[in-house]
Amino acid sequence: MKTTMTQPLYTLPYSLHDGYLTKLEADQETLVCHFPYGIFSTSAPCEQTARAKVKFTGVDWDSSFLYVFDGLGETGAFSGEKWLLKDFLPHLERLEVIDETYGFWQAKWSGLLTKGENIVECMMEICYSGEMVYEIEG
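About the cut-offs
Residues numbered from 1 in each chain as written. Predicted model: local features only at pLDDT ≥ 70, side-chain atom pairs only at ≥ 80, totals over all residues. Heavy atoms only, no water. Helix = DSSP H or I, 4+ residues; strand = E, 2+ residues; numbered from the N terminus. Rg over C-alpha atoms; globule rule 2.2 N^0.38 Å. Buried < 20%, exposed > 50% of the residue type's maximum accessible area, 1.4 Å probe, protein only. 1 Å grid on protein atoms, 1.4 Å probe; cavity = no way out; pocket = protein on both sides within 12 Å on 5 of 7 lines; lining within 4 Å. Points joined across faces, edges and corners; volume = space filled by probe spheres on them. Nonpolar A, V, L, I, M, F, W, Y, C, P; charged D, E, K, R; others polar. Salt bridge = Lys/Arg side-chain N within 4 Å of Asp/Glu carboxyl O. Phe/Tyr/Trp six-rings, centres within 6.5 Å; stacked < 30°, edge-to-face > 60°. Lys NZ or Arg CZ within 6 Å of the ring centre and 35° of its normal. Patch = residues over 30% accessible without salt bridge, like charges linked within 9 Å, V, L, I, M, F, W, Y side chains within 5 Å. Areas by Shrake-Rupley, 256 points an atom, 1.4 Å probe, with all protein chains shown as cover. Lys, Arg positive; Asp, Glu negative; His and termini not counted. Charge placed at Lys NZ, Arg CZ, Asp CG, Glu CD. Core = buried A, V, L, I, M, F, W, Y, C linked by side-chain atoms within 4.5 Å. Contact = heavy atoms within 4.5 Å.

This part is about the overall build of the chain. The helix and strand tally for the chain stands at one helix and 12 strands. Walking the chain from its N terminus toward its C terminus, one meets helices and strands in the order β-β-β-β-β-β-β-β-α-β-β-β-β. In terms of overall dimensions, the chain is globule-like: its C-alpha atoms have a radius of gyration of 16 Å, near the 14 Å expected for 138 residues. Along the first, second and third principal axes, the C-alpha set of the chain runs to 45 × 45 × 30 Å. A buried classification covers 35% of the 138 residues belonging to the chain.

This next bit is on the layout of surface pockets. Taken as a whole, the largest pocket spans an internal volume of roughly 150 Å³. Around the largest pocket, the lining residues are Phe-69, Asp-70, Gly-71, Glu-74, Thr-75, Gly-76, Ala-77, Phe-78, Ser-79 and Glu-121. A per-class count over the lining of the largest pocket returns three nonpolar, four polar and three charged.

Per the counting criterion, the structure on display carries four salt bridges. Of the charged contacts in the structure, one is a salt bridge between Lys-55 and Glu-135, with a shortest N-O distance of 3.3 Å. Of the two residues, Lys-55 is situated in strand 6 (residues 52-57) and Glu-135 in strand 12 (residues 132-136); the sequence distance between them amounts to 80 residues. Residue Lys-115 is joined to Glu-81 by a salt bridge in which the shortest nitrogen-to-oxygen separation is 3.8 Å. Of this pair, Lys-115 sits in strand 10 (residues 106-115) while Glu-81 sits in strand 8 (residues 80-84); the two residues are 34 residues apart in sequence, bridging distant segments of the chain.

Counted by the stated rule, this structure contains 10 aromatic pairs. Judged by centre distance (6.3 Å) and plane angle (90°), the ring pair of Tyr-20 and Tyr-37 falls under edge-to-face. Highlighted residues: Tyr-20 in strand 2 (residues 20-21) and Tyr-37 in the loop between strand 4 (30-35) and strand 5 (40-41), separated in sequence by 17 residues. Ring pairs connect the aromatic residues Phe-35, Phe-56, Phe-104, Trp-105, Trp-109 and Tyr-128, which therefore count as one cluster. Above the plane of the ring of Phe-65 lies Lys-82, whose end atom (NZ or CZ) is 4.2 Å from the centre.

Moving on, we come to a negative patch on the surface. Taken together, the side chains of Asp-27, Glu-29, Asp-60 and Asp-62 present a region of like negative charge at the surface. Turning to its location among the elements, Asp-27 is positioned in the loop between strand 3 (23-26) and strand 4.

What follows concerns the nonpolar core. The nonpolar side chains of a soluble globular protein tend to be buried with one another. Among the nonpolar cores identified, the biggest contains 31 residues, and Leu-31, Phe-35, Phe-56 and Trp-109 are the most heavily contacted of them. Secondary structure elements with two or more residues in this core: strand 4, strand 6, strand 7 (65-69), helix 1 (85-88), strand 9 (94-103), strand 10, strand 11 (118-127) and strand 12.

A word on the environment of Met-124. Mapped onto the fold, Met-124 is located in strand 11. For Met-124, a relative accessible area of 1% gives the class buried. Between the alpha carbons of Met-124 and Val-97 there is a distance of 9.6 Å; along the sequence they are 27 residues apart. Setting aside its immediate chain neighbours within four residues, Met-124 contacts Leu-21, Leu-24, Phe-65, Leu-66, Leu-85, Ala-107, Lys-108 and Trp-109.

Below you can see the structure in the form of C-alpha cells.
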C-alpha cells in the first residue's frame with residue numbers, strides 16, 4: 001500500500017529567517033525570545049511583522065544548548081564552545097536566524113551570532129514539553 005502525503009507535517013504561521021534575536025529571558029520553565037524588528041508571515045503577501053516574541057513553555061534547561069563555532073563558513077574540522085542555553089542568556093548580543101528546524105519537542109535555530117566585533121556561526125537547540133507561542137505587537 002502506498003501512502004501519499006499532500007500537506008506538510010505542520011504549517012507555521014511565521015518564519016524567523018532573517019529575524020534578529022536580541023534578547024533572551026527565562027524563568028523556571030519558560031524562554032522568551034525577543035525579535036525587535038519583527039518576523040515574517042508565511043501567508044501571502046509574507047510581510048514583516050512589528051516587534052515579535054517567541055515563547056517556549058516547559059523548557060528542559062538541562063537539554064537546551066547553544067553551540068558557538070569559532071569560524072564563519074568553514075567546512076571540515078571545527079572548534080567552538082557548547083553552552084547550556086540558560087548560562088548563555090546574559091551573553092547574547094544578536095543572533096540572525098538563518099534556518100529553523102522543528103521536531104518532536106525540539107526547536108533548532110542556526111545562524112550568525114555577533115560576538116563583540118566578530119560574527120560567527122551558531123546553533124541554538126531548545127528542548128521543551130509545552131507550547132511554542134508567537135506574540136506579535138501591533
